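Take a look at the letters that make up each chain.
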Amino acid sequence: MGKVNLLIDGREIQAEEGSTILEAALAHRIEIPHLCYQPGLSIVGVCRVCLVKIKGERGLVPSCATLAQEGMEITANDEELEEVRRQMVELILSERPHDCLVCESNGQCELQDLAYNLGIEEIRFPKKATRLPIEDSSEVIFRDPNKCILCGRCVRACDEVTVQGVLNFANRGSETCLISGLAQPLSQIDCVSCGACIQACPTGALTEKLARFQGRSWEFRRVRTVCPYCGVGCQIELQIKNNKIVKVYGVPDGPDNKGHLCVKGRFGFDFVHHPDRLTHPLIKRKGKFEASSWDEALDLIAHKFRYLREKYGPDALAGLSSAKCTNEENFLFQKFMRAVIGTNNVDHCARLCHASTVAALGRAFGSGAMTNSIQDLAKTELILLTGSNTTETHPVIGNFIKHLVKFKGVKLIVVDPREIELSRYADIWLRPKSGTDVAWINGLADVIIKDGLHDREFIGERTENFDEFDKVVSRYTPEKVEEISGIPKEKLLLAARMYGKANKASIIFAMGITQHITGTDNILSLANLAMLTGNVGREGTGVNPLRGQNNVQGACDVGALPDVYPGYQKVTNPAAKEKFEKSWGVKLSSKEGLTVVEITQAARAGRIKGLYIMGENPILSDPNINHVREGLTRLDFLVVQDIFLTETAKLAHVVLPAVSFAEKEGTFTNTARRIQRVRKAIPGPGQALQDWEIMVKLSQRMGYKMKYTTPEEIMDETASLTPIYGGVHWDRLNREGLQWPCPHDQHPGTPYLHKDRFSRGKGLFSPIDYIPPAELPDEEYPFLLSTGRLLYHFQTASMSRRSLPLSHIVPEGFMEINPRDAKRLMIKDEDRVRVSSRRGSIQIKVKVTPGPDEGMVFIPFHFSEAAANILTNDALDPVAKIPEYKIAAVKIERITL
Amino acid sequence: MRKDSSSPDVLALLKKVQQENPQNYIPPEKLKLIAQKTGLSLSQIYGVASFYSLFNLEPRAKHIIRVCESGPCHLLGSETILEVLKKELGMKSGKVSPDGMFAVEKVSCLGRCEYAPVMMIDQQVFGDLTPNKIRMILQQYRQGKKSEVLGLRILKKRTSKDKTLPILENCGRIDPADIKQYLSHQGYQAVQKALKMRPSQIIEEIKASGLQGRGGAAFPTGLKWEFTHREKVSPKYVICNADEGEPGTFKDRVILDYDPHRLLEGIIIAGYAVGAKSAYAYIRGEYSSCIHSVQKAIHQAKSHSFLGKDILRSGFDFEIELREGAGSYVCGEETALIESLEGKRGNPRLRPPFPPNIGVWQKPTLVNNVETLANIRHIILKGPEWFKSLGTPKSPGTKLFCLSGDVNNPGLLEVPLGITLREIIEDWGGGVKGGNFKMAQLGGTAGPILGEEMLDFSLDYNSLRKGDLTLGSGAVLVMNDGRCIVDMLRCFLKFFQDECCGKCIPGRVGTRKLVELINSIYRGEARPSDVDLLLSTARLMAQTSLCALGQSPILPISTSLKCFRQEIMEHLHGKCPAGVCHSRY
């Protein structure tokens, strides 16, 4: 990008070529008043406040819509312009009955600032504006048209950022107004409650409904931190008054979210202040919890753990770490299990979501993480998206994909057995039968090879084992793939050619691919496809798993896994073991530990006697809950450390009160391998402690000294032992964080992996054959059940169902079923049904929607009273030990009242 | 999701649904269907449907009566028409008659000013209305239907030694529905000749002719063609702007109705010259007779191989697609027209980029007015020198003037540029009717108010420009000394408020404030400072508005104040010298 020189108000400045006069001025801190302009949104030039004069040109021009050009001489501020602006703002003020007195935006209102700066004391127009009715039907958005200046920033934010198009102008001329849907209340249309409109509004016309009268801008303390929900890692600013979080604001220069948030991130924070929060340790006596002191609780735990270890050996104990906790806390947890207890039985929920990804991408490429970055998608030509309902589960990325398709011409291929929002945006939507992924991916590869669309040079120079792979995929002809997957061969051909011809193509996937007994195979196949077309190791390409939790990537990175130390160093590797033994000053076990599902299965079998769970809720999250419950109740001793008394905590012998993301210091690593700072914004409730503090105290009692005074020291130790985190120090993480690998202090981090060389050297092709799922529908259980998440809830919903707006928007669970199946079963919306599998049964409300195909139903797993995981199958992928959540056979019976 | 020329015609879909509805409106469930079909969101389709005045989103009635309230009709009694209608239909309040048969609405200019006052029932226009005629029409509608054919009102000069002038040469002389008659009058010979020329040669001829855009802005036509021609991007488009909505203007309607093939020739030649393969003719929705006439002409031209593939074996392919507007004055602005054509709200775009660079579907687009394109045929056939022999050296050619208001013979006339107002009124219009000359508005509602002292001023682009005036569309609205300037300004300013798109602040808020101010003057409630505020607000709007609409009110306001300040100021004391305004006293 070139530079242009221009003169603004006598100042010589240099601007990026292609920037507007306004952008150039603002970049050099030359103030030009403006209202309808907002970075990141399209330019409309309607407020006419930013008008300037250009020497040699007639009249006034909008600086927001005029390109800065070499040699321009611009007057941005003089008396004439000030008078024009004064009259313009007077016009604005005369249009609606603006009133700052009790306005939520008082003090952070762009209109108020402008009126003040221009000294507008009087509105000369005689007729006063009449009051318009308020729109407050939404759970989260409060719209006051009396404060609206019709600048359209909200309309553009909804259209261009969220790409929902809920808002628009209606009527014309002086009757112009803002509407949603067909002039309907927000609550009655497909508003996703993301609040992008609120963040875009320059006045008090759109505000946070629940924050009304809770505080004004100057009363807030502001803390920049990271959203605690999914793996996108949106940077947020907490606005706090009297130690209460009142509002959340998307940080505009947050590297992955660019100011955008979803409903959970912006409005789902009130769980932090929920009265259910645990405030002191609990010890169960005679089946009832009693409050205790920290000393008593920790002494008891230390005693029990020591006792069990002595009696049954260290491998009779196990720990479940937490993808919700920080890197520092996860590091400490695995260190506690390995160095203090002496076992590798430590795992966490990554086992349930992306264990297969970590295994497969580790094997094919050498690194088990997203190869590229989120904003890197802007550089791709084509996205192949499979097994990810992105707009619900990673909304900020989902919206970004919609934006790229709608506004940037990026092509989209969606492969999903369910009709999802993104399939409406897709150029091609393939609908395979569930569990046939290896077949269709091999099918794509076969077409690409036969059409000569594969990248011979890349294959030759950068990969190995291609011939073996070619032999296998050549059997997956379009005809055979159609037979297995149900994808019409014509559509497969189209998709293969579209993917094969793109110069840069990015594969995005999530749990629809990973949660199968063939999860590892599925991802190896995707890796094959990317290598086949040379789509690895460049911008805008890659194989990109979307991680589900705020810190599931980090928890893996820092070793909360049974087979590896921090940085994916094998416990079976003597050199690695020696390194950690030396650092930690104890002998370590060289035996790989048990995985999540294996731990509960072993507990059920009586082999695991004691379990320490930090921030996990397996009673809802794990497959085949009835077995999990049996396992947990058979334990001699169960400790649960959490912020709420979760379904799992209720089974514990001791419950320890921890603090939420807003009450702790540390780092999270997002799905794009970005390590970002989490900052303590408010004190925790009662006696609750940060998880790392609890572990320090506990290990002391177990006879192992941990000398950390801050989590920063834990990160320093992590960095010293974890090559991919080698250069990660808190003082480098202030704003945009660092993307690993970051091996040393001067390293800038790595936006995309495998440039020039794969982490393992050469990329490895894996010949994979299709294997059918573990349990398919039959006569007795004729429906295929798939499970997953919703936009408005998160995981086991211990946070989201304790958020007022989220629980109001979606108060209970439901089963999605196709209209044709519903008709056959004679059930309709809101009916209740009993859904049963071989493992159990639940009662649930019906929602009829074309989402699932005929013969398939979908149930979100968030809701304990209708827990989908009572039904799911705990059959495991043999390599990654991930359960097959996405496929179980069920039957459905109508409940007649 | 991606928009291009293959995208469905949103306005046509909306129009069809409304026509099929017995209550003349578009119900929400139909909006949902159209949203699905077009890939728009609900709010987007609602935004479009609610923008255009011909669409109703609430139930109306079997018939919709639209009473024109623009300048010429206001002058000649549109308020009386409304009163009579409401009385006859037994309407006390609301918009629908108690029997549910008729809905009554006010509407901006219907473009039949030579028959003022007029109203439109559904698609049919009735003119020269009197209370008796209205009663008769309603009677006949209750019994079945009535149609009226408004005769052609082309004016002849009193001393009629005038030679036939080119634009209107065929009007009234040939049957527009019969291409053979057009062909026997040198029809399509210009196309034949042009297709043998190089595009750049044609552009040179148009440039040499000095033809300036006849829509109102008077931009040199040849230059516009050249800009579009120069663009390397393809495809390119030609748009014929037949969205004639300027109050007092009806010239394009006469061409569309009576000589559509002349227009098609102009479009085809323009397309060939700029390198386009297709064109749109965007005709305002109120001109249903024109829509039929042009549709028929396109059909005939196709069957005679003047349109379609390989026209006259020249290797040149060209198509013209007809698009209908749906009731919006601002869509006459070329970028708003483009937005409307793309099925959006008719909001003008920011300029630059200009349509010759980035126009419809983001492609280079030539937008020319009907009258402009009607001039192409004779420039090609007779050459630029001949064209320049008409008019003044700096404003060559003839111009259509639309004479309306207080004159004995309202109608359309074609004269060489450089004529005076006095000549138009006396020699062509048969003199002022109902009193002495007081003032005239030139070029439509956006035009200046001219007093007596301007009667002998030369009406050509150059002279007017020097006096900071414009010829605009060529409308001439004559007002006698029984008319009040405040009453007329009120009518003009309300028009801007009703027709403004609402996108930019000076346009949306400014037009409203002007109406509020003039109303308070009209009612005798204003302070002297309000008169200054009226002028300064209009000035601010002229300086800052995004499009020409917001920049327009300054001219009628400033010229009125110049000529009639005294009369306006008397209103502040509750006096209307002409005795028109309702005052407190």
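Residues numbered from 1 in each chain as written. Chains lettered and ligands numbered in written order. Predicted model: local features only at pLDDT ≥ 70, side-chain atom pairs only at ≥ 80, totals over all residues.

1. Quick notes on the interface of chain B and chain A
Moving on, step 1. Counting from both sides, the interface comprises 37 residues of chain B and, opposite them, 38 residues of chain A.
Moving on, step 2. Counting only elements with at least two residues in the side of chain B that touches chain A, the list comes to helix H2 (28-38), helix H3 (42-49), helix H19 (485-499), helix H20 (505-522) and helix H21 (528-544) of chain B.
Moving on, step 3. By residue number, the principal contributor to the side of chain B that touches chain A is H20(B), which donates 10 residues.
Moving on, step 4. Here the side of chain B that touches chain A is built from residues that sort into 16 nonpolar, 12 polar and nine charged. (Contact = placed C-beta atoms within 7 Å. Helix = DSSP H or I, 4+ residues; strand = E, 2+ residues; numbered from the N terminus. Nonpolar A, V, L, I, M, F, W, Y, C, P; charged D, E, K, R; others polar.)

2. Some words on the packing of H20(B) against H21(B)
Residue and element names in this part refer to chain B.
Moving on, step 1. Where H20 meets H21, the axes come as close as 10 Å, and the angle between the chain directions of the two elements is 160 degrees. As summarised for this structure, H20 and H21 are arranged roughly antiparallel, according to the angle between their axes. For H20 against H21, the interelement crossing comes out left-handed. Where H20 abuts H21, its residues Pro506, Gly510, Lys513, Leu514, Leu517, Ile518, Ser520 and Ile521 lie against Asp530, Val531, Leu533, Leu534, Thr537, Ala538, Leu540, Met541 and Thr544.
Moving on, step 2. Of the residues in the contact of H20 with H21, the class split is 11 nonpolar, four polar and two charged. (Axes fitted to C-alpha atoms, helices over the stretch in contact; angles between N-to-C directions. Parallel < 35°, antiparallel > 145°, perpendicular 65-115°, else oblique. Left-handed = near helix turned anticlockwise from the far one by under 90°.)

3. Quick word on the sheet that holds strand S4 (residues 124-126) of chain B
Residues and elements named next belong to chain B.
Moving on, step 1. Strand order in the open sheet formed by four strands is S2-S1-S3-S4, with mixed pairing between adjacent strands. Each edge of the open sheet carries a strand with a single partner, namely strand S2 (102-107) and S4. Within the sheet, the average angular offset between the axes of one strand and its neighbour, ignoring direction, is 25 degrees.
Moving on, step 2. Where strand S3 (residues 119-121) meets S4, three bridges bridge the pair, whose relative direction is antiparallel. Bridging from a neighbouring strand, methionine 120 pairs with valine 125 of S4.
Moving on, step 3. Those strands touched by helix H5 (residues 78-88) are strand S1 (63-68), S2 and S3, and its axis lies near 155 degrees from that of S1. (Pairing = 2+ DSSP bridges.)

4. Let's talk about the domain arrangement of chain A
Residues and elements named next belong to chain A.
Moving on, step 1. Splitting chain A by domain gives domain 1 (3-77), domain 2 (300-347 + 551-660 + 667-682 + 713-729), domain 3 (355-545) and domain 4 (783-894).
Moving on, step 2. Here domain 3 and domain 4 have C-alpha centroids that lie 27 Å from each other.
Moving on, step 3. At the interface, 22 residues of domain 3 touch 24 residues of domain 4.
Moving on, step 4. Among the elements of the structure, helix H10 (355-364), helix H11 (390-393), helix H19 (511-514) and helix H20 (519-532) are those that each provide at least two residues to the side of domain 3 that touches domain 4.
Moving on, step 5. The class makeup of the residues in the side of domain 3 that touches domain 4 is six nonpolar, 12 polar and four charged. (Domains from an automatic or database assignment.)

5. A look at the pairing of strand S7 (residues 319-324) of chain B
Moving on, step 1. The pairing of strand S6 (residues 278-283) of chain B with S7(B) spans six bridges and is classified as parallel. The residue of S7(B) that forms the bridge with Ala281(B) is Leu322(B).

6. A word on the sheet that holds strand S35 (residues 840-848) of chain A
Residues and elements named next belong to chain A.
Moving on, step 1. Pairing in this closed barrel of six strands is mixed, and the strands run S32-S36-S33-S35-S34-S37 around the ring. Each strand axis lies, on average, 45 degrees off the axis of its neighbour in the sheet, ignoring direction.
Moving on, step 2. Where strand S34 (residues 832-837) meets S35, six bridges bridge the pair, whose relative direction is antiparallel. By the bridge assignment, valine 833 is partnered in S35 with isoleucine 844.

7. Let's talk about unusual backbone geometry
Moving on, step 1. A cis amide bond links Trp740(A) with the next residue in sequence, Pro741(A), at an omega value of 0 degrees.
Moving on, step 2. Residue Pro117(B) follows Ala116(B) across a cis peptide bond; omega there is -5 degrees.
Moving on, step 3. Tracing the chain through its elements places Pro117(B) in the loop between S2 and S3.
Moving on, step 4. Its identity as a non-glycine residue notwithstanding, Asn171(A) has a phi of 60 degrees, on the positive side.

8. With respect to the nonpolar core
Moving on, step 1. Counting residues in each nonpolar core, the largest one holds 482 residues, and the members touching the most others are Cys197(A), Leu412(A), Leu444(A), Ala527(A), Cys240(B) and Ile269(B).
Moving on, step 2. Beyond its immediate sequence surroundings of up to four residues, Cys240(B) is in contact with Leu263(B), Ile267(B), Ala279(B), Ala281(B), Tyr282(B), Asn368(B), Val370(B) and Leu373(B). (Core = buried A, V, L, I, M, F, W, Y, C linked by C-beta atoms within 7 Å. Buried ≥ 20, exposed ≤ 12 C-beta atoms within 10 Å, placed from the backbone.)

9. A word on the environment of Pro711(A)
Residues and elements named next belong to chain A.
Moving on, step 1. You can see proline 711 is positioned in helix H27 (residues 711-721).
Moving on, step 2. Here the alpha-carbon distance between proline 711 and tryptophan 692, two residues 19 residues apart in the chain, equals 7.3 Å.
Moving on, step 3. Apart from residues lying up to four places away in sequence, proline 711 is in contact with Thr326, Glu328, Glu665, Gly666 and Trp692.

10. Considering the pairing of strand S14 (residues 288-291) of chain A
Residues and elements named next belong to chain A.
Moving on, step 1. Looking at chain direction, strand S13 (residues 282-285) and S14 are connected through four bridges and run antiparallel. If you follow isoleucine 283 over to S14, its bridge partner there is glutamate 290.
Moving on, step 2. Where S13 folds back onto S14 in an antiparallel hairpin, the turn is made up of two residues, including lysine 286, whose phi is positive at roughly 50 degrees.

11. Side note on the domain arrangement of chain B
Residue and element names in this part refer to chain B.
Moving on, step 1. The domains assigned to chain B are domain 1 (63-143), domain 2 (187-387), domain 3 (398-480) and domain 4 (485-571).
Moving on, step 2. Computed over C-alpha atoms, the centres of domain 2 and domain 3 are 27 Å apart.
Moving on, step 3. On the domain 3 side, the residues contacting the 13 residues of domain 2 number 14 residues.
Moving on, step 4. For the side of domain 2 that touches domain 3, the per-class residue count stands at four nonpolar, five polar and four charged.

12. Here we look at helix H16 (residues 376-388) of chain B
Residue and element names in this part refer to chain B.
Moving on, step 1. Taking 1.5 Å of rise per residue, the 13 residues of H16 would be expected to cover 18 Å, yet its terminal C-alpha atoms sit only 13 Å apart, more than 12% below that figure.
Moving on, step 2. The largest bend along H16 reaches roughly 110 degrees and is located at lysine 382, with the proline proline 384 sitting one to four residues downstream.
Moving on, step 3. Inspection of H16 places Ile376, Arg377, His378, Ile379, Ile380, Pro384 and Phe387 among the buried residues, and these make up the whole buried set.
Moving on, step 4. Summarising the contacts, the buried residues of H16 are in contact with helix H8 (189-194), helix H9 (199-209), helix H12 (260-274) and helix H15 (370-374). (Expected span 1.5 Å × (residues − 1). Bend = angle between axes of the 7 residues up to and from the residue.)

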